[in-house]
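Each chain, letter by letter, is given below.
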Amino acid sequence: IRETIMSHFEKERQLFKRGIKCLSLFFIDEVAKYKSYDEDGNEVKGVFQKMFEEEYSRLVSNEFHIWDEDYNEYLRRFYPQDVHRGYFSIDKKTNRIIDGKIEKKTGLSDDISAYELILKNKERLLSFEEPTRFIFSHSALREGWDNPNVFQICTLKHSDSQTAKRQEVGRGLRLCVSQSGNRMDSESLGERVHDINMLTVIASESYKSFVSDLQSDI
């Protein structure tokens, strides 16, 4: 979580000047580690949510030491609890978030409801006015969550499924979009297209061979 936030700030500062919103995506193995409920049905912060807010608070103060007032002013706009959100499946009976249904063969979720908010508000999510920049998710959908401005992916779970890894990494292998809606491709960026559109994956050791094989295939 700490490495992801640090990587996010580094990339975000670079992209902010270009009018490009930076997003980071966490894949977790259990919704309760982000949010759960007490006996009275009140929401309770999970271990990942607490850890994120503590690390964010500590790391964001370090950013202010770099002289870049426009970006620093942007950072001061939002509290740690404002910049992250969890997008999970919702139980229709209780209206509580739950772990998505995972197919045994593929390791992927088949529950589209988990991503409705992101899909419906994609343009809002890419706006600097929307504080959400860090997203927690339970699983990668076969089809569904597709946002071009994910620059960091952190996997806070272990998986041996190559298909699931391809789905997860695929959420960040996109040409990003600026605030004006322009695709940041080679026409817009020239030789810098690969520097701007670079995905950073913060992952467990299980990703090491997968990444090597993927890059060799490409």
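All figures in this text were calculated on a predicted structure; none of them were measured in a lab. (Residues numbered from 1 in each chain as written. Predicted model: local features only at pLDDT ≥ 70, side-chain atom pairs only at ≥ 80, totals over all residues. Heavy atoms only, no water.)

It is worth spelling out the sheet that holds strand E1 (residues 23-28) at this point. Strands pair in a sheet through their backbones, by hydrogen bonds, and they do so in one of two ways: parallel or antiparallel. Taken together, the five strands give an open sheet; going across it, the order is E4-E7-E1-E8-E9, and neighbouring strands pair in parallel fashion. Every other strand in the sheet has two partners, leaving strand E4 (84-87) and strand E9 (200-202) as the edge strands with one partner each. Across this sheet, the average inter-strand angle for adjacent strands is 20 degrees, counted without regard to direction. Alignment of E4 against strand E7 (residues 134-137), held across four bridges, turns out to be parallel. Bridge pairing in E7 links histidine 84 to phenylalanine 134. (Pairing = 2+ DSSP bridges. Helix = DSSP H or I, 4+ residues; strand = E, 2+ residues; numbered from the N terminus. Axes fitted to C-alpha atoms, helices over the stretch in contact; angles between N-to-C directions.)

The element strand E8 (residues 150-156) is extensively covered by neighbouring structure, given that six of its seven residues are classed as buried. Bridging between E1 and E8 involves six bridges; their strand directions are parallel. Each bridged residue has a counterpart across the sheet, and for isoleucine 28 the counterpart in E8 is leucine 156. (Buried < 20%, exposed > 50% of the residue type's maximum accessible area, 1.4 Å probe, protein only.)

When a protein is soluble and globular, its nonpolar side chains tend to lie buried together. Counting residues in hydrophobic clusters, the biggest one holds 24 residues, and the most contacted among them are Ile5, Phe9, Phe26, Phe52, Tyr56, Phe134 and Phe136. Contributing elements (two or more residues each) for this core: helix H1 (2-16), E1, helix H2 (47-63), helix H3 (69-76) and E7. Residue contributions to this core peak at five residues, all from H2. In this view, phenylalanine 26 contacts Ile1, Thr4, Phe52, Phe134, Ile135, Phe136, Ser137, Cys154 and Leu156; residues no more than four positions away in its chain are not counted. Core analysis: the second largest hydrophobic core is formed by 15 residues, Leu25, Tyr87, Leu125 and Leu199 among them. (Core = buried A, V, L, I, M, F, W, Y, C linked by side-chain atoms within 4.5 Å. Contact = heavy atoms within 4.5 Å.)

The final tally for this structure, using the stated rule, is 13 salt bridges. A salt bridge links arginine 2 to glutamate 55; its shortest N-O distance comes to 3.1 Å. Of this pair, arginine 2 sits in helix H1 while glutamate 55 sits in helix H2, and the two are 53 residues apart along the sequence. Overall, the relative accessible area of 42% leaves arginine 2 in the partly exposed class. With a shortest N-O distance of 2.6 Å, lysine 17 and aspartate 68 are connected by a salt bridge. Of this pair, lysine 17 sits in the loop between H1 and E1 while aspartate 68 sits in the loop between H2 and H3, and the two are 51 residues apart along the sequence. Connected through shared salt-bridge partners, Arg13, Lys17, Glu63 and Asp68 make up one network. (Salt bridge = Lys/Arg side-chain N within 4 Å of Asp/Glu carboxyl O.)

Because the α-helix completes a turn every 3.6 residues, residues three or four places apart line up on one side. Here H2 contains 17 residues, and its C-alpha end-to-end distance of 25 Å stays within 8% of the 24 Å for a straight helix at 1.5 Å per residue. When we look at burial in H2, the residues that qualify are Phe48, Gln49, Phe52, Glu53, Glu55, Tyr56, Leu59, Val60 and Glu63. (Expected span 1.5 Å × (residues − 1).)

A few words now on the packing of H1 against H2. Axis separation between H1 and H2 bottoms out at 10 Å; the angle between their running directions is 40 degrees. Looking at the two axes, H1 sits oblique to H2. Judged by the sense of rotation from one axis to the other, the crossing of H1 with H2 is right-handed. Taken together, the residues of H2 that come into contact with H1 (itself represented by Arg2, Ile5, Met6, Phe9 and Arg13) are Phe52, Glu55, Tyr56, Arg58, Leu59, Val60 and Glu63. (Parallel < 35°, antiparallel > 145°, perpendicular 65-115°, else oblique. Left-handed = near helix turned anticlockwise from the far one by under 90°.)

What follows is about the packing of helix H6 (residues 162-170) against helix H9 (residues 207-217). Contact geometry of H6 with H9 gives a least axis separation of 11 Å together with a crossing angle of 70 degrees. Considering their axes alone, H6 and H9 lie roughly perpendicular with respect to each other. For H6 against H9, the interelement crossing comes out right-handed. Residues Gln162, Lys165, Arg166, Glu168 and Val169 of H6 lie in contact with H9, whose contacting residues are Tyr207, Phe210, Leu214 and Asp217. Along the lines of polarity and charge, the residues of the contact of H6 with H9 split into four nonpolar, one polar and four charged. (Nonpolar A, V, L, I, M, F, W, Y, C, P; charged D, E, K, R; others polar.)

The next thing to look at is the environment of arginine 192. By the secondary structure assignment, arginine 192 is in the loop between helix H7 (186-189) and helix H8 (193-196). Leaving out residues up to four positions away in the same chain, arginine 192 has contacts with Gln14 and Arg18.

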